[in-house]
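Residue-level structural notes
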Amino acid sequence: GQNIDQPTEMTATEGAIVQINCTYQTSGFNGLFWYQQHAGEAPTFLSYNVLDGLEEKGRFSSFLSRSKGYSYLLLKELQMKDSASYLCAVNSWGKLQFGAGTQVVVTP
Amino acid sequence: ETGVTQTPRHLVMGMTNKKSLKCEQHLGHNAMYWYKQSAKKPLELMFVYSLEERVENNSVPSRFSPECPNSSHLFLHLHTLQPEDSALYLCASSQEPPGTSGTTDTQYFGPGTRLTVL
């Protein structure tokens, strides 16, 4: 079956770094997406990885290891506005399979 | 961000009502999607339309009926719903139809309709 696992919640202080892990077991793989979703709002696209390695985009970076079925999203220099749910999603045969999301709480 | 819009944002309905959710995308995309998001659960794909043709129906009950009159508009018609159907219903669109890979498959979401069934 399809399985996307990520922690339910993480707490970090402003200015710190947080790493959100995502492990997946899917029947196909055509890339992995990370989305950010603030409460009551639309999920917004953050990053896409299809090859192994690190993709950096400002304060956010995403890493992928296809052999390990593993990805992480790294948030640096945390800001209060980064408090949100972060969704990991795998493109498996053209369909996005989502994890349940990781709620990140940033404290002052 | 007004790329994908959804109306209404909130909807309360009884189990015998009939209502419709509307989604409109202004991105020139060719594929549109309906998802259901329940608390603490992963997004569940309900329907996929590619170039106005339904290409995916993830075993959704018939009380949910989608309609895609053109590539910019998507509707979800609701009738005789159950309380467990209460959730956030999200619409999304992507440039290319599903099945391709790469960033052209990136889905862009609307803000959702918060549905409560009494």
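The structure displayed is predicted, hence computed values, not measured ones. (Residues numbered from 1 in each chain as written. Chains lettered and ligands numbered in written order. Predicted model: local features only at pLDDT ≥ 70, side-chain atom pairs only at ≥ 80, totals over all residues. Heavy atoms only, no water.)

**Digging into the nonpolar core**
The following threshold applies: Think of a nonpolar core as a cluster: buried Ala, Val, Leu, Ile, Met, Phe, Trp, Tyr and Cys residues, connected wherever their side-chain atoms sit within 4.5 Å. Here's how the labels work: a residue is buried when its accessible area is under 20% of the maximum for its type, exposed when over 50%, partly exposed in between, all with a 1.4 Å probe on protein chains only.
In this structure, W34(B), F64(B), L76(B) and L78(B) are the most contacted members of the largest nonpolar core, which totals 22 residues. Listed in part, the 20 residues of the second largest apolar core include I20(A), W34(A), F60(A) and L75(A).

**Brief notes about the environment of N21(A)**
Residue and element names in this part refer to chain A. Convention followed: Elements are defined by DSSP. Helices are runs of H or I of four residues or more, strands are runs of E of two residues or more, and each kind is numbered from the N terminus. Residue contacts are counted whenever heavy atoms from the two residues lie within 4.5 Å of one another. Within 3.5 Å is the distance limit for a polar contact, defined as a pair of N or O atoms, with the added protein rule that one can donate a hydrogen and the other accept it, and that residues adjacent in sequence qualify only through two side-chain atoms.
Along the chain, N21 turns up in strand β3 (residues 18-25). For the pair N21 and Y72, spaced 51 residues apart in the sequence, the C-alpha separation amounts to 4.3 Å. The contacts of N21, once residues within four sequence positions are left out, are D5, Q6, P7, W34, Y70, S71 and Y72. A polar atom in the side chain of N21 sits 2.9 Å from the side chain of Q19. Separated by 2.9 Å, the side chains of N21 and Y70 make a polar contact.

**A few points about the packing of aromatic side chains**
For clarity, the cut-off: Aromatic contacts are taken between Phe, Tyr and Trp rings whose centres are within 6.5 Å, Trp giving its six-membered ring; a plane angle under 30 degrees counts as stacked, one over 60 as edge-to-face, and the others as tilted.
Counted under the stated rule, the structure contains 16 aromatic pairs over all chains. Aromatic pair F33(A) and F45(A): ring centres 6.1 Å apart, planes at 65 degrees, arrangement edge-to-face. Taken together, the residues span a long stretch of sequence, with F33(A) in strand β4 (residues 32-37) and F45(A) in strand β5 (residues 44-49) at a distance of 12 residues. Centre to centre, the rings of Y35(A) and F109(B) are 5.4 Å apart; their planes meet at 90 degrees, and the pair counts as edge-to-face. You can see Y35(A) sitting in strand β4 and its partner F109(B) sitting in strand β10 (residues 107-109), one on each of two chains. With a relative accessible area of 0%, Y35(A) lands in the buried category. The exposure class assigned to F109(B) is buried, which follows from its relative accessible area of 6%. By way of ring pairs, the aromatic residues F33(A), Y35(A), F45(A), Y48(A), F98(A), Y33(B), Y35(B), Y108(B) and F109(B) are connected into one cluster.

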